[in-house]
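Commentary on secondary and tertiary structure
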Amino acid sequence: MENAAAKLREEAKKLLAAKKVDVIIGYEKGTLPLQSVPSFIEKPEDADKLVWDPFCSQNLAKFAHDLIHQHKASQVRMKPEERKKKVVGIVARGCTTRSMVIHLQEKQYGRDEVVILGVPCTGYVSKKKAAGAAGGEITGAEVKRKDLVLQTAAGEKTVPLSSVLSDSCMTCRFNNPVIVDVSLGEPAPPMNPEGEYEKVNAFEKLPEEERWAYFTKEMAKCMKCFACRNTCPSCYCKVCFAEQNQPAWIGVSVDPSDTQMFQLMRIFHMAGRCVDCGSCIEVCPMGVDLRTFLKKLDKDGFELFNTRPGGDMASPPPLSAYSYEDKEEFIYNP
Amino acid sequence: MEKRIIKKENLAGLVKKLAAERTVYAPVMEGDNVVYAALENGKEPLLEYGNTKDAPKNLFFPQAETLLRFLRTKRGMELKEDATGKAKEVVLFGVRPCDARSFVLLDSLFDQEHWKDPYYIERRSKTTVISKGCVHPPYSTCFCTSVGGHPLSAEGADVLLTDLGDAYLAEFLTPKGEKLLEKWGDLPKADDAAEAKKKDLLAKAESEIKSKIPGKEIKNWLDANFENPFWDTIHKSCLACGTCTYLCPTCHCFDITDEMKKEDGKRVRSWDSCMYWLFTQETSGHNPRTSQKQRWRQRLMHKFKYFVDNFDAIACVGCGRCVMYCPVNIDIRKIVTDISKL
Amino acid sequence: MERNPYLPIPVEVVKITTEVDTKDIKTFRLAFTKKEDEENFKYMPGQFAELSLYGKGESPIGIASSPTQKGYLEFTVQRAGVVTQALHNMEEGTPMGVRGPLGNYWPINYLEGKNVVIVGGGFAFTTLRSLLNYMLYEENRARFGDITVVYGARSPGLLIYKDELTEWAKRKDLNLNVTVDKGDAGWTGREGFVPTVCKEIAPSSENSVTVICGPPIMIRFTLPVFFDLGFSKENIYTSLEMRMKCGIGKCGRCNVGNKYVCKDGPVFSLAELDKLTKEY
Amino acid sequence: MAENKPQENWEPKIVGIVCNWCTYAGADLAGISRIQYPPNIRLIRVPCTGRINPFYIMKALQEGADGVLVSGCHPGECHYLSGNLSARRKFNMLKNFLTYVGIEPERITFTWCSASEGDRFAQVVKGVTERVKSRGPAAKLVKAL
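Everything quoted here is computed from the prediction, not taken from an experiment. (Residues numbered from 1 in each chain as written. Chains lettered and ligands numbered in written order. Predicted model: local features only at pLDDT ≥ 70, side-chain atom pairs only at ≥ 80, totals over all residues. Heavy atoms only, no water.)

On to the overall build of chain B. Looking only at helices and strands, chain B has 10 helices and 11 strands in total. Against the 2.2 N^0.38 benchmark of 20 Å for 342 residues, chain B shows a C-alpha radius of gyration of 22 Å, consistent with a compact globule. With the C-alpha coordinates of chain B rotated into their principal frame, the extents come out at 65 × 65 × 40 Å. Considering chain B as a whole, with its 342 residues, one finds that 62% of them fall into the buried category. Look at the contacts in chain B between residues 6 or more apart in sequence, and 72% of them connect residues 24 or more apart. In the form shown here, chain B has an accessible surface area of approximately 13500 Å², with 51% of it arising from carbon and sulfur atoms. Measuring between centres, the 53 positive side-chain charges of chain B sit 3 Å from its 49 negative side-chain charges. (Helix = DSSP H or I, 4+ residues; strand = E, 2+ residues; numbered from the N terminus. Rg over C-alpha atoms; globule rule 2.2 N^0.38 Å. Buried < 20%, exposed > 50% of the residue type's maximum accessible area, 1.4 Å probe, protein only. Contact = heavy atoms within 4.5 Å. Areas by Shrake-Rupley, 256 points an atom, 1.4 Å probe, with all protein chains shown as cover. Lys, Arg positive; Asp, Glu negative; His and termini not counted. Charge placed at Lys NZ, Arg CZ, Asp CG, Glu CD.)

Pasting the structure below:
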């Protein structure tokens, strides 16, 4: 992992110095423990800020999309021949590259507008799980080989790294980049993708009322800050349905149905587009369990249409394709 | 002002006694989060906690509040009722001094001489605030002393509880607070020793606050530097979510929307956030704050300059929620410190 | 305690006038349902009010009538968003609400004894019309010096208050200059942009104040003309526009620097605007 | 929220979103042929089932519909060649998803019904009304003002 970080800085410097990219989106150290936060490096000498560690949680594909689109928006009034292309370098793990595959399939930018610095990934630490393990405020955190050492007011606590990884990482099928321009390390060993749908399978078996009770309980936590939507690389609509007012899809009032509606609609918009990067869950300040619901769409997408979102450039997103042979057991016949 | 002593084991009982006759909001554990909730259905108030995840402003300035109701009639839409005059007497228990201070700041906005906000004022005047001092600052991100508060501040509280170790010192600061004392009955009077101990505890607690920011000092820079390259450096990783503003005890911007269902309708005031692009978007398509850079500048300026200009106080109480829960760790302490070095 | 400022005052639409050929600007005359509301609604030219349509929302609109016109309020509204669309679909006799008066007003006291130059463009002429009618009112006219008006629109069909323009043109105590960017077959008046016309008329800056309201592009090109004529920034007033919700300085979106356009504005002199940030 | 018990004399409100070319014509045929079917359904005509935003279905539930029926041309008969095939994928996932979160599956029905199947249309509406009736008035997702 340390090797990957060193190689990352070196490659970033080269790319910036050679002006092959205008900016590198990576991670830098935050002000709090467990935080490696998005960073935007524009000068080669700043590349030393870049880090790559198990605290790099966010899917950076969102920023690649935003930067390219902001740049294009700033040039709409220019003559076509005067417009400049902005090339974005991006530190990308498996899920980040999958999101980029989705962007490319959905024609959000060209392959020549991004330079992918692919990093092998062994998962990132879930802040919620780490907080649970520490049992108090974490004032310092450090990775020591396969362990995470947490400092708290009560003292030091060591937990195995594998026990505090994000749920998405533990069952990740794509922890190595699926598309890459500059590779920053040997492929990482596989995680445990077989257990991917365990939770969904168990949830499906619950009685209807229990499922509904769990759904409403989780959604009751949501305060509609929209952090989940805004961090999601697949949520890039210029005007989100949640903001439309002619007509308004969701109301502002405190009635639970409005929050439930927002989440149902957002989650369903992820059908065939969610790469299970876990960013929405990681950023949620209230700790809403979105994954149980998002993963169901992933499972259905695979079982019904045999696709894995962003898995490779050649396979189309499930809802933008069709086949005469698609299953239709759900169709009602009187 | 009455000063009494409450034995540690009695506090929960006293709170429940209040809860038996009126609604008491107190920090409770809901799932993994400590939040304010009404003590009903046997919910237990938490006595040991850092701070709640949500700010208690929700009680006076709810996330969504009905301003008025109307009805569709044959003539057209007609006003049915004004939603003021409905608030009940409640007790808000266990507020940290920083959050209690936020009420004073919100008062200066909602309870101005001209244009009083009846909804806020009504709830505020019917709520008795029992504050719980921080003899140990609960988080390393606490910075109340840098923005005009301190860990045992009584500002905004009606009753202040200070944990003396073996018992609580209870100071009944306002007439509203003293009314609670009548309900609680005879409590032993506090002596000078308790007072002296509180002073020591305050000094100790203040020294334990390691996070310091030059909150007041940056005002001159903000006055002169609306345009400055520094503003290009903070917003890049911002997700433009509303976490910081929704969790902030002093953020008070809102939206007003009408909702209809069949013939009934209501006008709702709901939280809004300067972090959203829609916040200032005009119907014409013009938007005075088009970029996240401008929105971040607005947020910072509002807290550390505009509010100071208008109300002579920084609109930040140093609770550290925005620091702890920002998804991308944009740290207002760092920004303020960076500005002071410019 | 003062009246709940969020509670609209009940009014009724009594008259709707379509102002322009494109039919997307209409003037609504609203009469108070209760007599006491009418007496309490004391306003000055330049102030605005929130037009409140239950079920649709509210929209801040400048008051186009003058306080000297008793018994009703008038608002000239362009169809643009949810509320204004609904307003345009309304019929005479429908009840609705008004919240106000809100904001500050044109500096009437300051204008007294001075010559006044009114410059308006397009449909931003509404509160200027209020000011003009206020000053032209019999009892008020003597309080002010010479009044010069420059009013422009893109085409003759887009001029608003056509009847009043005809009336004003007949008056001797008013120098009215109506111009259009481009005339049509029936147009016998002046052609030309507002800044050009201002330059031609060249009102004296001696003891004079300019009140200007219009699209930003017009303001941008007109101001230099007045600076050249010797007008100081203290003697040029304009009105700002911002997204608003509460109208009473609380909801936090219409601020320019530490001033709220709804409460401390919308009227500012250029000298005051210079002290504020350029974020509007 | 607890599920409501079917009340006496309660009649469900069902929103039917149907395609212009097949099912709407089928409904017409049912009418012309004087085939009786329950009056609980309110039809919304859209050009094609492929045009139906899944949000419409969720929104109908929020606004208080007790059930939603979506019906279009049989696969292979779409006026726009493949609209109903795209729709089939969407609705398959939607139905599974809403059922998964705990919405009663009987409330959301998808079917095909061609312009010549007036009889089938009546049968579908009859069946759907009974299915919805068996679950009582909708309570989940319904917005209270």
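This paragraph deals with a negative patch on the surface. A surface patch of like charges, here negative, comprises Asp21, Asp181, Asp184 and Glu191 of chain C. The residue Glu191 of chain C is located in strand β10 (residues 190–191) in this model. (Patch = residues over 30% accessible without salt bridge, like charges linked within 9 Å, V, L, I, M, F, W, Y side chains within 5 Å. Salt bridge = Lys/Arg side-chain N within 4 Å of Asp/Glu carboxyl O.)

Bringing the interface of chain D and chain A into the picture now. Interface size is commonly expressed as the accessible surface area that is lost when the partners come together. On the chain A side, the residues contacting the 49 residues of chain D number 47 residues. Interface area, chain D with chain A, both sides summed: about 4300 Å², of which 66% is carbon and sulfur. Looking at the side of chain D facing chain A, the largest losses of area belong to Arg89, Met93 and Tyr100 of chain D, adding up to 23% of the total buried there. Counting across the chain D and chain A interface gives six salt bridges. Note that Arg89 of chain D and Asp326 of chain A form a salt bridge whose closest N and O atoms lie 2.9 Å from each other. Where chain D meets chain A, there are 22 residue pairs in polar contact (both at pLDDT 80 or more). Where the side of chain D that touches chain A is concerned, the elements lending two or more residues are α2 (54–62), α3 (83–101), β4 (108–112) and α4 (118–135) of chain D. With 16 residues, the top contributor of residues to the side of chain D that touches chain A is α3 of chain D. (Buried area = accessible area lost by both parts, 1.4 Å probe. Polar contact = N/O pair within 3.5 Å; in protein donor to acceptor, adjacent residues only side chain to side chain.)

Right, let's talk about unusual backbone geometry for a bit. The omega torsion of the bond from Gly100 of chain C to Pro101 of chain C falls at -5°, within 30 degrees of zero and hence cis. For Pro101 of chain C, the position within the fold is in strand β6 (residues 95–102). Omega for the bond connecting Gly265 of chain C with Pro266 of chain C falls within 30 degrees of zero, at 0°, which places this linkage in the cis form. Although it is not a glycine, Lys107 of chain A adopts a positive phi angle of roughly 60°. In this structure Lys107 of chain A comes out as exposed when scored by relative accessible area, which is 69%.

The subject of this paragraph is the domain arrangement of chain B. Residue and element names in this part refer to chain B. Partitioning chain B into domains gives domain 1 (2–208) and domain 2 (219–340). Averaged C-alpha coordinates put domain 1 and domain 2 at centres separated by 25 Å. Domain 1 puts 42 residues into the contact, and the matching count from domain 2 is 41 residues. Taken over both partners, the interface formed by domain 1 and domain 2 buries close to 3500 Å², and the fraction arising from carbon and sulfur atoms is 61%. Inspection of the domain 1/domain 2 interface yields four salt bridges. A salt bridge links Arg269 to Glu65, with the nearest nitrogen and oxygen atoms 3.4 Å apart. Scanning the region where domain 1 abuts domain 2 turns up 19 residue pairs in polar contact (both at pLDDT 80 or more). Among the residues forming the side of domain 1 that touches domain 2, the class breakdown is 22 nonpolar, 10 polar and 10 charged. (Domains from an automatic or database assignment. Nonpolar A, V, L, I, M, F, W, Y, C, P; charged D, E, K, R; others polar.)

All names here are of chain C. The strand order β10-β9-β8-β7-β11-β12-β15 describes an open sheet built from seven strands, whose pairing is mixed. Edge strands, defined here as strands with exactly one partner in the open sheet, are β10 and β15 (267–269). Summarising the sheet, strand β12 (residues 236–239) and β15 pair through three bridges and their orientation is antiparallel. Looking across to β15, one finds that Thr238 is bridged to Phe268. The strands touched by helix α8 (residues 216–228) within the sheet are β7 (115–121), β11 (208–213) and β12, with β7 carrying the most contacts at an inclination of about 155°. (Pairing = 2+ DSSP bridges. Axes fitted to C-alpha atoms, helices over the stretch in contact; angles between N-to-C directions.)

With that settled, consider the interface of chain B and chain A. Listed as interface residues are 36 residues of chain B and, on the opposing side, 33 residues of chain A. Summing both sides of the interface, chain B and chain A together bury roughly 2700 Å²; the carbon and sulfur share of this comes to 59%. The largest per-residue losses of area from chain B upon contact with chain A belong to Lys236, Leu239 and Asn329 of chain B, which jointly make up 21% of the total buried on that side. Across the chain B-chain A interface, the total number found is two salt bridges. Here Lys236 of chain B ties to Glu42 of chain A by a salt bridge, and the two come within 3.8 Å at their closest N and O atoms. Counting the contacts that link chain B with chain A gives 12 residue pairs in polar contact (both at pLDDT 80 or more). Elements with a contribution of two residues or more to the side of chain B that touches chain A: α7 (243–247), β10 (254–261), β11 (264–271), α9 (321–325) and α10 (332–340) of chain B. Split by residue class, the side of chain B that touches chain A holds 18 nonpolar, 10 polar and eight charged.

Moving on: the sheet that holds β10 of chain B. Residues and elements named next belong to chain B. The strand order β5-β4-β11-β10 describes an open sheet built from four strands, whose pairing is antiparallel. The sheet is open, and its two borders are formed by β5 (77–82) and β10, each paired with just one other strand. Each adjacent strand pair in this sheet contributes to an overall mean axis angle of 30°, direction not counted. Across seven bridges, strand β4 (residues 64–72) lies against β11 in antiparallel orientation. Residue Leu71 lies in a different strand from β11, and its bridge partner there is Asp264.

Moving on to the state of the cysteines. Residues and elements named next belong to chain D. Applying the stated criterion to the full structure yields one disulfide over all chains. Cys22 shares a disulfide with Cys73; S-S distance 2.5 Å. Across the disulfide from Cys22 to Cys73, rotation about the S-S bond amounts to roughly 100°, and the bridge is consequently right-handed. Placement of Cys22 in the loop between β1 (14–19) and α1 (23–32) and of Cys73 in the loop between β3 (67–72) and α3 is noted, with a sequence separation of 51 residues between them. Cys22 sits in the buried class, given a relative accessible area of 8%. Residue Cys73 is classed as buried on the basis of its relative accessible area, which comes to 3%. (Disulfide = S-S within 2.5 Å.)

The next point concerns the domain arrangement of chain C. All names here are of chain C. Assigned domains within chain C: domain 1 (9–102) and domain 2 (108–239). The straight-line distance from the C-alpha centre of domain 1 to that of domain 2 is 24 Å. Taken together, the contact between domain 1 and domain 2 spans 22 residues of the former and 17 residues of the latter. Connecting domain 1 to domain 2 are one salt bridge. Here the element with the most residues in the side of domain 1 that touches domain 2 is strand β5 (residues 73–78); it accounts for four residues. The class makeup of the residues in the side of domain 1 that touches domain 2 is eight nonpolar, 11 polar and three charged.

This next bit is on the pattern of salt bridges. As enumerated under the stated definition, the model contains 86 salt bridges over all chains in all. In this structure, Asp264 of chain C and Lys263 of chain C form a salt bridge, with 4.0 Å as the shortest nitrogen-oxygen distance. In this structure Asp264 of chain C comes out as partly exposed when scored by relative accessible area, which is 27%. Several salt bridges share partner residues, and in doing so they unite Arg173, Glu196, Asp276, Arg291, Lys295, Asp298 and Arg308 of chain A into one network.

Note on soluble globular proteins: their nonpolar side chains tend to be buried together. Formed by 208 residues in total, the largest nonpolar core has its most connected members in Ile24 and Trp52 of chain A, Phe304 of chain B together with Ile57 of chain D. Looking at which element gives the most residues to this core, the answer is α3 of chain D, with eight residues. Discounting chain neighbours no more than four positions away, the residues touching Phe304 of chain B are Val147, Ile213, Gly215, Ile218, Lys219, Leu222, Ile314, Cys316, Ile332 and Val336 of chain B. (Core = buried A, V, L, I, M, F, W, Y, C linked by side-chain atoms within 4.5 Å.)

A word on the pairing of β11 of chain B. All names here are of chain B. With respect to burial, β11 is a largely interior element, seven of its eight residues being buried. Across eight bridges, the pairing between β10 and β11 is antiparallel. Residue pairing across strands places Phe254 opposite Trp271, the latter belonging to β11. Hairpin connection from β10 to β11: two residues lie between these consecutive antiparallel strands, with Lys262 at a positive phi of about 50°.

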